[in-house]
Structures are given as C-alpha cells and as structure tokens.
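Working through the structure, step by step
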Amino acid sequence: MRRERATELLEHVLRNLDARKAEWPLTLVTEVNVFGSFARGALEPHDVDMDVEYETTTEWASRAVSMHAKGLDPYRMFRQPLLQRRRGCQMLFNFRRESDFDLLTLWRRGDTLRTALDRLHAIPVDPTAGRAPRDAMLPEFEGLDRWLPLGLREHLVAAVEAESVKIERVLLEDARVSSPYVARLIGRRWKPESPLHRAAHAVIRHWEQQGIDPLTIHLHGRDMSPNHPVTPYFTSFGCRYLHTAPFCFHEHEGVEWIEVVHPTRRQPLDCLRIVPIDKSKLKDTDWR
C-alpha cells in the first residue's frame, strides 16, 4: 500500500480512539504504537503494523473468557471500534513486552488527538527504506502473510518447530457439495454471492471427495450436525476461529483443520491445512 493510504488509515484509528475513548473497552487503552516498514519511513509499506496496549481488568478478563468459550476473538472488541471495517492493518495487543525492537508511540493515555496526529506526521519518510522483512514466516505463508497477523504466525511457526503440528498449503477447487441437506445448511448461513458461501462449498466438497461425512465437520464456528457425537474436521475462514485450533485438536478429537485464509468471490482459494502430530504439546495453548 502507498504511504499516503497507510497514513490515512492511522489517522482513522486515532480519530476513532479520540471520539470513543470514554467508551468501554477503549477506556482500557493506554498506548497506540506503530512499528515495521511504515515506522521506518517506507514509501510503500506492506501494511500498517500497530500495537495497542491496554489494561487487563476483571471485567475484561471475564468477557474475554466468555467470548473465547464461544470460539470468538475477544480482541475484536478493540478492533471493531478502532478500525470500523477498514482493512490493511495488522493490529497486535500488549505486544510491547514481547517485542525485541523499538515501538514508535503515537498516542498515550491523556494525549490529545492533535498531539497524536503531530507524532504521526512527524515520522520521517525514507525513500531508501524498503518493506520490513516478514517475521515468523514459513514457505506455506507466502502470499498469505498479509492476512495472517504476526502473533498468529509466531504461534504457527512455534507449533511446527515443536513438531506438534504440520502445515501444508492447499488450493481448493471451486465446487458445490453433493449433499442437498448440507447445501441447504450453507444457504441458510450465507447468501450465494458471499465469499464464505463459496468457501464453505469448496472445503466441504474437498472433504466429501475423500469420503468424509460432512456431518462430522465443524464449519466456521458451528457443528454441521448438533446431534453428531464427534466432529474431528474443522474449518474456518479469514482466521476468525483459528486461535481455537489447539483446543479443538486436544479436547475435541480434531484430526484436521483447513483455514481459508482470505475468502474471496473470484480469487483462488488458498488454504492452510493443519494436522496435529503431538496433541499433548497443544494442551493449554491457543494461537492468539
């Protein structure tokens, strides 16, 4: 993306924070930082790498646990009011304590919007600065890394290195499921023009062709059959539920997870196929 667009995206986040900083959970935010190629002054950063620091209160912890139990990402409580559906931002949370490099602070609690915007526009442009190298990469992530947040990539790389899972790249064919019953279930969740409708048909048809019963599939947060005792095949779209994969492998007899990283209406459906090797190493972990 061009630097002008990246700057406008950061302005958008800062204005949203300023307008809603008295609303929970934005009342918990203590800092907004940037890092990566934008902070280094690149004219065409890969995307905007941002860190949001926040206080962990009892209320936050309670809601986060509740959302996690439902397979939801609790950090969307921050992302939604700050980004408001805007794309192009890799947003991490409480990353400062884990980072081994400097973060550039745009806003601290108590700062005015003007102060934050001045800091943003004071970042010097460096025409010689290229895109920052992608950290935590595997060959399977190439071309998909812009939709895989850094924190998630780090967890996946660590799991591969620990030999707890193996990951391979899969390209799904456009196809419709053979089961009329399953087709109706998909149609009730998504309209035909939805990228998720397309992804659901493709991934389930992929498993049908391997002789797998569609009713043993957990599709994007829901079992295909609420009455089936075991659903060892998991899929989700856009990394919405991928953070729960270790739990699903360890506690729900999971044998395979296919993640459609970036569902689209027409572009190729590139996926990550994740298979557990040693489930004991996945106990009490998640990939946030």
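Before reading on, note that the structure itself is shown above.
Residues numbered from 1 in each chain as written. Predicted model: local features only at pLDDT ≥ 70, side-chain atom pairs only at ≥ 80, totals over all residues. Heavy atoms only, no water.

1. Quick word on the pattern of salt bridges
On inspection of all chains with the given rule, the structure shows 15 salt bridges. One salt bridge in this structure joins D111 and R119, with 2.6 Å as the shortest N-O distance. Judged by its relative accessible area of 29%, R119 falls in the partly exposed class. Via salt bridges that share partners, E31, R96 and R108 belong to a single interconnected network. (Salt bridge = Lys/Arg side-chain N within 4 Å of Asp/Glu carboxyl O. Buried < 20%, exposed > 50% of the residue type's maximum accessible area, 1.4 Å probe, protein only.)

2. Topic: the pairing of strand β9 (residues 256–260)
Most of β9 is tucked away: 5 of the 5 residues are buried. A two-sided burial pattern is seen for β9, the buried positions comprising E256, I258 and V260 on one face and W257 and E259 on the other. With 5 bridges connecting them, strand β8 (residues 233–237) and β9 associate as parallel partners. When the sheet's bridge partners are listed, S236 is paired in β9 with E259. Crossover handedness for the path β8 to helix α9 (residues 245–251) to β9: right-handed. In this sheet, strand β10 (residues 269–276) lies alongside β9 in antiparallel orientation, the contact comprising 4 bridges. (Helix = DSSP H or I, 4+ residues; strand = E, 2+ residues; numbered from the N terminus. Pairing = 2+ DSSP bridges. Right-handed = clockwise from strand over helix to strand, strands pointing away.)

3. Thoughts on the sheet that holds strand β1 (residues 29–35)
Read from one edge of the open sheet, 4 strands run β3-β2-β1-β4, paired in mixed fashion. Since the sheet does not close on itself, it has two edges, and those belong to β3 (89–93) and β4 (104–108), each with one partner. Going from strand to strand, the sheet's axes swing by 25 degrees on average, the running direction of each strand aside. When β1 meets strand β2 (residues 48–54), the two strands line up antiparallel, connected through 6 bridges. Paired with F35 across the bridge in β2 is D49. Together, β1, β2, β3 and β4 form the strand contacts of helix α1 (residues 3–20), whose direction differs from that of β2 by roughly 20 degrees. (Axes fitted to C-alpha atoms, helices over the stretch in contact; angles between N-to-C directions. Contact = heavy atoms within 4.5 Å.)

4. Description of the packing of aromatic side chains
This structure, assessed with the given rule, holds 11 aromatic pairs. On the numbers, 6.2 Å between centres and 70 degrees between planes, the contact of Y54 with Y75 is edge-to-face. Of the two residues, Y54 is situated in strand β2 and Y75 in the loop between α3 (58–69) and α4 (76–83); the sequence distance between them amounts to 21 residues. Just as Y54 is buried, Y75 falls in that class too. When the centroid spacing of 4.6 Å and the interplanar angle of 10 degrees are considered together, the rings of Y75 and F93 count as stacked. Here Y75, found in the loop between α3 and α4, pairs with F93, found in strand β3; they are 18 residues apart in sequence, far enough to count as distant. (Phe/Tyr/Trp six-rings, centres within 6.5 Å; stacked < 30°, edge-to-face > 60°.)

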